[in-house]
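Spelled out, the chains give:
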Amino acid sequence: MDSAESAGGRLGAVLSAPRTGVVPLSPVGPWVVTTHADARRVLTEPHLFDFPGDVTRSGDLAGSTGDSRSGHTVFAPLTPDQVARGVLVLEHEWSAALDTHDRASPEPYDAMVLLRRPIARSTTAAVLGALEPAHRDRVADLVLEWIDALAPVIAARRPPRRWSRTRRVETAARHALEDELAPLAGAEDTPAQVATLLAAGIQVPIAAGAWLLAWLGQHETGDVDPTYAVWETLRLTPPTWVTARLTTEEVELTGARVPAGRVVLVSPLLLGRSDDLVPGDDPDRSTFDPGRWHDDSRRPGAWLPFGAGPHACPGRTLGTAQLVHLAQWGVDRTISLSESVSIDQSRGIQPSPCRFTASRRETS
Ligand code: HEM
């Protein structure tokens, strides 16, 4: 598997920033924060660090539109009932997806494909509540279509023009989803907000689940605690590996003053490699080692894989529960990667390709 340490592009640039405080990647930025204290400030002080509607388009759907000072929607965290419903649907849909694959083909599984429907249906069930399964599945498919149509918009070097085919396909997919959601959205949520919640809550867990399976494919699975495997995945390859804010005035952070109007980046992937946040003695904490969390001297999640502050992830409990279910499935098996996995940076980070075979482990 390719390592983030050897990645090029933006990921490589951010990871190679000296860990001395806040560091500019070029004379005009963006600036990268490298300490936990600065990261928390950037995410939790929105009057100084504004949420940009669309600063790079390189993030993923977790970057909702709107900004915190002019009426940003605060998404309420999912309730325990919603999470329970989502997990129940995932359990059923994950087995169904495996069965369907096994009956149709002897080929290895492709994690990014196999996870699509189970996660989409699980998150849709959690967010929208008691829908007829056929209706839920139609909504889930429309979200997947919108996510797919957004991919080339996000990956494009320059924003595609309004009337380009790419934009038209994306707009049509979004409208189809919003039309379907209009009768379902509650009094407090617009169809566009529900669409954002669903898309963020599907695209990111698919990538996270695929990373989890990729890591388990590289690691001896016997004796692995599923929850620790999830933390290691969200530490080494958090799908939303970087998030941006814009300074509203000159701000002093560790080691430098950042002028007003500059982009400041917070990267859970970079923070997850700091020895003050993660137990262990491997250099740069770059080894996938679930067992390190038996040492409880550090708090899991201190590297902010779900963000913090007003834009923190409202779906973190659902996302974690979905991943723990997959991890439990994975640790009961021997997973073998069919080919080397690379890091696709076109939308957050995704493993590409991520094909694997799985066989149930003999228990003694
Ligand atoms: C493992 C799974 C997940 C991870 C790693 C994750 C990660 C994140 C991160 C880091 C952010 C903050 C982005 C920022 O500060 O710019 C975020 C925001 C968000 N997430 Fe998640 N997420 C996950 C699952 C979910 C789920 C299941 C849902 C919905 C059901 C969801 C919905 C959202 C939304 C709507 C936002 C935007 C919040 C805002 O801008 O106020 N996420 N997520």
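Residues numbered from 1 in each chain as written. Predicted model: local features only at pLDDT ≥ 70, side-chain atom pairs only at ≥ 80, totals over all residues. Heavy atoms only, no water.

**Some words on the side chain of R285**
The cut-off we apply is this: Think of it this way: any DSSP run of H or I at least four residues long counts as a helix, any run of E at least two long counts as a strand, and we number them from the N terminus. Think of it in three bands: with a 1.4 Å probe and only protein chains considered, a residue is buried below 20% of the maximum accessible area for its type, exposed above 50%, and partly exposed in between. Only four residue types enter the charge count, namely Lys and Arg as positive and Asp and Glu as negative; His and the chain termini do not. Here, a salt bridge means any Lys or Arg side-chain nitrogen found within 4 Å of an Asp or Glu carboxyl oxygen. We define a polar contact as two N or O atoms separated by no more than 3.5 Å, with the added condition that, inside protein, one atom must be a possible hydrogen donor and the other a possible acceptor, whereas residues neighbouring each other in sequence contribute only through side-chain atom pairs. Residue contacts are counted whenever heavy atoms from the two residues lie within 4.5 Å of one another.
Tracing the backbone shows R285 in the loop between helix 10 (268-271) and helix 11 (316-331). Here R285 sits buried without a salt bridge, and the closest side chain of opposite charge, D282, lies 4.2 Å off (N-O distance). At a separation of 2.9 Å, a polar atom in the side chain of R285 contacts the main-chain carbonyl oxygen of V278. Side-chain polar atoms of R285 contact the backbone oxygen of D282, separated by 3.0 Å. Once you skip the residues sitting within four places of it in the chain, R285 turns out to touch R235, L236, G272, R273, S274, D275, V278, P279, G280 and R292.

**Some remarks on the pairing of strand 5 (residues 243-247)**
Quick note on the threshold: Two strands pair under a simple rule: DSSP has to find at least two bridges between them.
For strand 3 (residues 49-50) and strand 5, the ladder comprises two bridges, and the chain directions are antiparallel. Its bridge partner being in strand 5, D50 is matched across the sheet by L246. With four bridges connecting them, strand 5 and strand 8 (residues 263-266) associate as antiparallel partners. Bridging across to strand 8, L246 finds its partner in V263.

**Remarks on the pattern of salt bridges**
Summed over all chains, the structure comprises 17 salt bridges. When the shortest N-O distance is used, the salt bridge between R121 and D137 registers 3.3 Å. Of the two residues, R121 sits in helix 5 (residues 116-128) while D137 sits in helix 6 (residues 133-155), which places them 16 residues apart along the sequence. Using a relative accessible area of 13% as the deciding quantity, one classes R121 as buried. On the accessibility criterion, D137 (16% relative accessible area) is buried. With its nearest N and O atoms 2.7 Å apart, the salt bridge here joins R355 to E339. Taken as a pair, R355 in strand 12 (residues 355-360) and E339 in the loop between strand 9 (333-337) and strand 10 (342-344) lie far apart in primary sequence, 16 residues in all. Judged by relative accessible area, which is 30%, R355 ranks as partly exposed. The exposure class assigned to E339 is partly exposed, which follows from its relative accessible area of 33%.

**Observations regarding the confidence of the model for the protein**
The cut-off we apply is this: Every residue is assigned a pLDDT by the predictor, reflecting its confidence on a scale from 0 to 100.
Averaged over all residues, the pLDDT of the protein is 91; the fraction at 70 or higher stands at 94%. Ignoring residues within four places in sequence, the model shows residues 55-71, a span with pLDDT below 50, making 55 contacts including any to other chains.

**Regarding the packing of aromatic side chains**
Put simply, the rule is: For Phe, Tyr and Trp, rings pair up if their centres lie within 6.5 Å, where Trp contributes its six-membered ring, and each pair is then called stacked (planes under 30 degrees apart), edge-to-face (over 60) or tilted (otherwise).
According to the stated counting rule, one finds seven aromatic pairs in the structure shown. When the centroid spacing of 5.3 Å and the interplanar angle of 45° are considered together, the rings of Y109 and F356 count as tilted. Residue Y109 is located in strand 4 (residues 109-110), and its partner F356 is located in strand 12; the two are separated by 247 residues in the primary sequence. According to the relative accessible area criterion, Y109 is buried, its value standing at 10%. In this structure F356 comes out as buried when scored by relative accessible area, which is 0%. Here a set of aromatic residues connected by ring pairs shows up, and it is made of W94, Y109, W329 and F356.

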